[in-house]
Amino acid sequence: MTEVSTRAGFVTFAGLPNAGKSTLLNRLTGEKLAITSPKAQSTRHRVVGIRTADACQMVMLDTPGLIEPRDLLHSAMRNAALAAVRDADVIVHVVDATRPYIPFQDAASLEHKPAAPVIVAFNKIDLLDIQRRASASLQVPDAVLISATSGKNVDLLVRAITGLLPENPYFYPDDEISTQPVRFFCAEFVRETALEQLGDELPHAIACEIEEFRENSSPLYIRAVIHVERDSQKRIVIGANGQQIKKLGRTARQKIERFVGQPVYLDLWVKVLPNWRKNQNAVRRLGYGDPIDRA
């Protein structure tokens, strides 16, 4: 009996902010692993999703949008994105097709061409008319035109990725969908809810940390802390008579319950961590990695 050879490798989704990298990761895993928001720079971490199907395992890395750093948080985010690019077997350059096209090397401000092959995926083609789709195809003839939201042509992208991955045994059991712990996703759901419910500027000053996670309790007990940079921001998050924090907590709890499949008691707090985005130790402590470029 002939053994079926398998392919496995690391696939990095990279590109400018709001190109749809997180939506694509969620589409390919079939689970909401990466938070999504129309607000820029919602992805701060390297989020891992695993897709195992048709004798191929893709370990997919959703990365923060490639931007020029304005503070230490942005520096840590860029370092995380570039590390994922260096580790990749295949890079998918996710491009917002409604915006002018910028080649990957320029978008990432890379001095040298990346070692891994790059697939250009023009996303959001459902927002383009036929003429603009044709124009996108002419700019990059081998690009794949997709809609991560509707799933259109995502199968073509999967086929293109699979053809470039090396023959390998699977790295993880074929029923795993991520390597990150549940508490990571719980913190992200709280932060996503803050992005949805609070103003345009405040969410960038927010970080969420899980201080306690009692797996054996019923309901599942989670104590989460929302960190902000100033007292005035804390007052906004709490709201008049605590109404805003109650609303935020209720919505975040419902998201977490859907993810873990059980009742949750979410104990939500707000603390001031002054200017944490500009503090190297705070950026590391909150799990965003090293803000100093070690390359």
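Treat the numbers as computed from the prediction; the structure is a model and nothing was measured.

Undergrad: Before we move on, can you summarise the overall build of the protein with the specific residues and values?
TA: If you tally the helices and strands in the protein, you get nine helices and nine strands. On C-alpha atoms alone, the protein measures out to a radius of gyration of 20 Å, which is about the 19 Å that the 2.2 N^0.38 rule sets for 295 residues. Considering only C-alpha atoms, the protein reaches an extent of 60 × 50 × 40 Å along its principal axes. Looking at the protein residue by residue over its 295 residues, the buried ones come to 51%.

Undergrad: I'd like to hear about the nonpolar core, residue by residue, with values.
TA: Of all hydrophobic cores here, the largest spans 52 residues; its most connected members are Phe13, Leu24, Leu157, Val190, Ile222, Ile226 and Val237. Sort the elements by how many residues they give to this core and helix α6 (residues 182–197) lands first, with seven residues. Leave out the neighbours within four places in its chain, and Ile222 touches Cys186, Ile210, Glu212, Phe213, Ile256, Val264, Tyr265, Leu266 and Asp267.

Undergrad: Please provide a residue-by-residue account of the pairing of strand β8 (residues 220–228), values included.
TA: Counting buried positions along β8 yields eight of nine residues, so the element is predominantly enclosed. Direction of pairing for strand β7 (residues 207–214) relative to β8: antiparallel, over a ladder of seven bridges. From the neighbouring strand, Glu212 faces β8, where its bridge partner is Arg223. Counted along the chain from β7 to the antiparallel partner β8, the turn is five residues long.

Undergrad: Give me the sheet that holds strand β4 (residues 90–96): which residues, what numbers.
TA: In any sheet, the strands associate via hydrogen bonds between backbone groups, in a parallel or an antiparallel arrangement. Pairing in this open sheet of six strands is mixed, and the strands run β2-β3-β1-β4-β5-β6 from one edge to the other. On the outer flanks of this sheet lie β2 (47–53) and β6 (144–145), each paired with one strand and no other. The pairing of strand β1 (residues 7–14) with β4 spans four bridges and is parallel. Each residue of the ladder has a partner; that of Val11, found in β4, is Val90. Contacts from helix α1 (residues 21–29) reach β1, β2, β3 (56–62) and β4, with the element oriented near 155° to β3.

Undergrad: A description of the sheet that holds β7 should follow, citing residues and the corresponding values.
TA: Ordered in space as β7-β8-β9, the three strands form an open sheet in which the pairing is mixed. Since the sheet does not close on itself, it has two edges, and those belong to β7 and β9 (264–272), each with one partner. Pairwise comparison of adjacent strand axes, ignoring direction, gives a mean angle of 20° for this sheet. In the sheet, β8 pairs with β9 via nine bridges, with the strands oriented parallel. Bridge pairing in β9 links Val228 to Val272. Running at roughly 135° to β7, α6 makes contact with β7, β8 and β9 of the sheet. Along the sheet face, helix α8 (residues 243–260) touches β8 and β9 and points at about 135° away from the line of β9.

Undergrad: Quick rundown of the pattern of salt bridges? Include the residues and the values.
TA: In total, this model carries 15 salt bridges according to the counting rule given. Note that Glu257 is salt-bridged to Arg253, the shortest N-O span being 3.3 Å. Separated by four residues within a single helix, Glu257 and Arg253 lie in helix α8, roughly one turn from each other. Exposure remark for Arg253: the relative accessible area of 25% places this residue in the partly exposed category. Several salt bridges converge on common partners, so that one network encompasses Glu211, Glu212, Arg214, Arg223 and Lys271.

Undergrad: Break down the packing of helix α7 (residues 231–238) against α8 for me, citing the residues and quoting the values.
TA: Here α7 crosses α8 at 65°, and the two axes come no closer than 5 Å. Contacts between α7 and α8 involve Ile236, Val237 and Ile238 from the former and Gln243, Gln244, Ile245 and Leu248 from the latter. Within the contact of α7 with α8, the residues separate by chemical class into five nonpolar, two polar and no charged.

Here is what the cut-offs are and how they apply
Residues numbered from 1 in each chain as written. Predicted model: local features only at pLDDT ≥ 70, side-chain atom pairs only at ≥ 80, totals over all residues. Heavy atoms only, no water. Helix = DSSP H or I, 4+ residues; strand = E, 2+ residues; numbered from the N terminus. Rg over C-alpha atoms; globule rule 2.2 N^0.38 Å. Buried < 20%, exposed > 50% of the residue type's maximum accessible area, 1.4 Å probe, protein only. Core = buried A, V, L, I, M, F, W, Y, C linked by side-chain atoms within 4.5 Å. Contact = heavy atoms within 4.5 Å. Pairing = 2+ DSSP bridges. Axes fitted to C-alpha atoms, helices over the stretch in contact; angles between N-to-C directions. Salt bridge = Lys/Arg side-chain N within 4 Å of Asp/Glu carboxyl O. Nonpolar A, V, L, I, M, F, W, Y, C, P; charged D, E, K, R; others polar.

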